[in-house]
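# A structural walkthrough
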Amino acid sequence: MRMSCCRLRPFREDRVLHQYRPAGPARPGGPAAAGEAKPDLEIIQDLANRLGCNWSYPNVGAVYTEMASTMPSLDGISWDRLVREGAVTYPTDGEDKPGNEIIFSAGFPTKSGRGKIVPANVLPPDEVPDEAFPFVLTTGRVLEHWHTGAMTRRSSVLDDLEPEAVALMAPRELKKLGVAPGGMLRVSTRRGAIELKARADSDVPQGMIFIPFCYAEAAANLLTNPALDPFRQDSGVQILRRPRRAGPADRRCGGIGER
């Protein structure tokens, strides 16, 4: 699950734009921070002026208005409209029109209005399943904890809902391994090993293991591959191999982590 953390900033006024295309204001949900703490706009503006930028934005709305003037995708979405409606999905066909459900429905932002589709030369991952490591490991988030859980695991409510490190596998795979849900697994790759509880989840494909990376006591990133994509230079942590060997008390697994 992809939670938009920018919706959860309770002590400042802000504006939100993210990949799901809603734009909207983020209003303070609590009292102003005490002491010498300042709103983000004041901090950024003070830094910019020390660098000689001579900024004088009176509020977040003024920043948004200037930003929108350079972004055609925000045409028809004024700051007053965002404050009035709470959120608007961009693009929209006018100030009085709802946001479009489908982007580029009338064409692409090119001279011809047509998009360019280029075939991709897909490269295999740095590691692929083999006889010794036949499972794929993927890592990611859970609903209750954001990223590494640095904040959400401090919430007693959220941590009570998901308090323990788990490895999710298809029920059939657990049955093959002779492991009951709640039993312990030892998941290992060529880089390390962790121990955590097994959980049956029919949404996980056959031959795959899913491990949330929010649990420091069973850190999934100890298993992931440091190899980088040769073009994008990001990590290929969505694919790792897991050994075939598995016993009821020592379940050895390997795979390929999250990107």
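### Focus on the overall build of the protein
- Tallying secondary structure elements over the protein gives five helices and eleven strands in all.
- Within the protein, the fraction of its 259 residues that count as buried is 34%.
- Summarising the internal contacts of the protein: among those between residues at least 6 apart in sequence, 58% fall at separations of at least 24.
- Total accessible area on the protein is roughly 16100 Å²; 56% of this is exposed by carbon and sulfur atoms.

### Let's talk about the environment of Val88
- Tracing the backbone shows Val88 in strand S3 (residues 88-89).
- When its relative accessible area of 3% is taken as the criterion, Val88 is described as buried.
- Separated by ten residues in the primary sequence, Val88 and Pro98 have C-alpha atoms spaced 7.3 Å apart.

### Topic: the nonpolar core
- Met169, Leu185, Val187, Ile194, Leu196, Ile209 and Ile211 are the most contacted members of the largest nonpolar core, which has 22 residues in total.
- For this core, the secondary structure elements donating two or more residues are strand S4 (135-140), strand S5 (166-169), helix H5 (171-177), strand S6 (184-188), strand S7 (193-200) and strand S8 (208-212).
- No other element matches S7, which puts three residues into this core.
- Setting aside its immediate chain neighbours within four residues, Ile194 contacts Leu185, Arg186, Val187, Ile211, Ala218, Ala219, Ala220, Leu222 and Leu223.
- Formed by eleven residues, the second largest nonpolar core is a distinct cluster that contains Ala23, Tyr64, Ile77 and Val88.

### Remarks on the packing of aromatic side chains
- One pass over the full model with this rule turns up three aromatic pairs.
- Arranged with centres 5.6 Å apart and planes meeting at 45 degrees, the rings of Tyr64 and Trp79 form a pair that is tilted. One end of the pair, Tyr64, is in helix H2 (residues 60-68); the other, Trp79, is in helix H3 (residues 79-85), with 15 residues separating them in the sequence. For the pair formed by Tyr64 and Trp79, the shared burial category is buried.

### Focus: the pattern of salt bridges
- Going through the model one piece at a time under the given rule, you end up with eleven salt bridges.
- The salt bridge partner of Arg81 is Glu85, with a shortest N-O separation of 2.9 Å. You can see Arg81 and its partner Glu85 sitting in helix H3, four residues apart, about one turn around the helix.
- According to the relative accessible area criterion, Glu85 is partly exposed, its value standing at 42%.

### Brief notes about unusual backbone geometry
- At the junction of Tyr90 and Pro91, the peptide bond is cis and its omega measures out at 0 degrees in the coordinates.
- In this structure, Asn54 is a non-glycine residue whose phi angle is positive, near 55 degrees.
- Inspection of the secondary structure assignment puts Asn54 in the loop between helix H1 (40-50) and H2.
- Assessed through its relative accessible area of 68%, Asn54 is described here as exposed.
- In this model, His147 sits at a positive phi of 50 degrees, which is unusual for a non-glycine residue.
- Overall, the relative accessible area of 30% leaves His147 in the partly exposed class.

### Things to note about the confidence of the model for the protein
- Mean pLDDT for the protein: 80, with 78% of residues reaching 70 or above.
- Mean pLDDT across the secondary structure elements of the protein bottoms out at strand S11 (residues 255-256), with 40, and peaks at S5, with 95.
- Across residues 1-12, where pLDDT falls below 50, the model places 30 contacts with residues more than four positions away in sequence or in other chains.
- Considering only residues more than four positions removed or in separate chains, one finds that residues 240-259, a stretch of pLDDT under 50, has 108 contacts.

Calculation criteria
Residues numbered from 1 in each chain as written. Predicted model: local features only at pLDDT ≥ 70, side-chain atom pairs only at ≥ 80, totals over all residues. Heavy atoms only, no water. Helix = DSSP H or I, 4+ residues; strand = E, 2+ residues; numbered from the N terminus. Buried < 20%, exposed > 50% of the residue type's maximum accessible area, 1.4 Å probe, protein only. Contact = heavy atoms within 4.5 Å. Areas by Shrake-Rupley, 256 points an atom, 1.4 Å probe, with all protein chains shown as cover. Core = buried A, V, L, I, M, F, W, Y, C linked by side-chain atoms within 4.5 Å. Phe/Tyr/Trp six-rings, centres within 6.5 Å; stacked < 30°, edge-to-face > 60°. Salt bridge = Lys/Arg side-chain N within 4 Å of Asp/Glu carboxyl O. pLDDT = per-residue confidence, 0-100.

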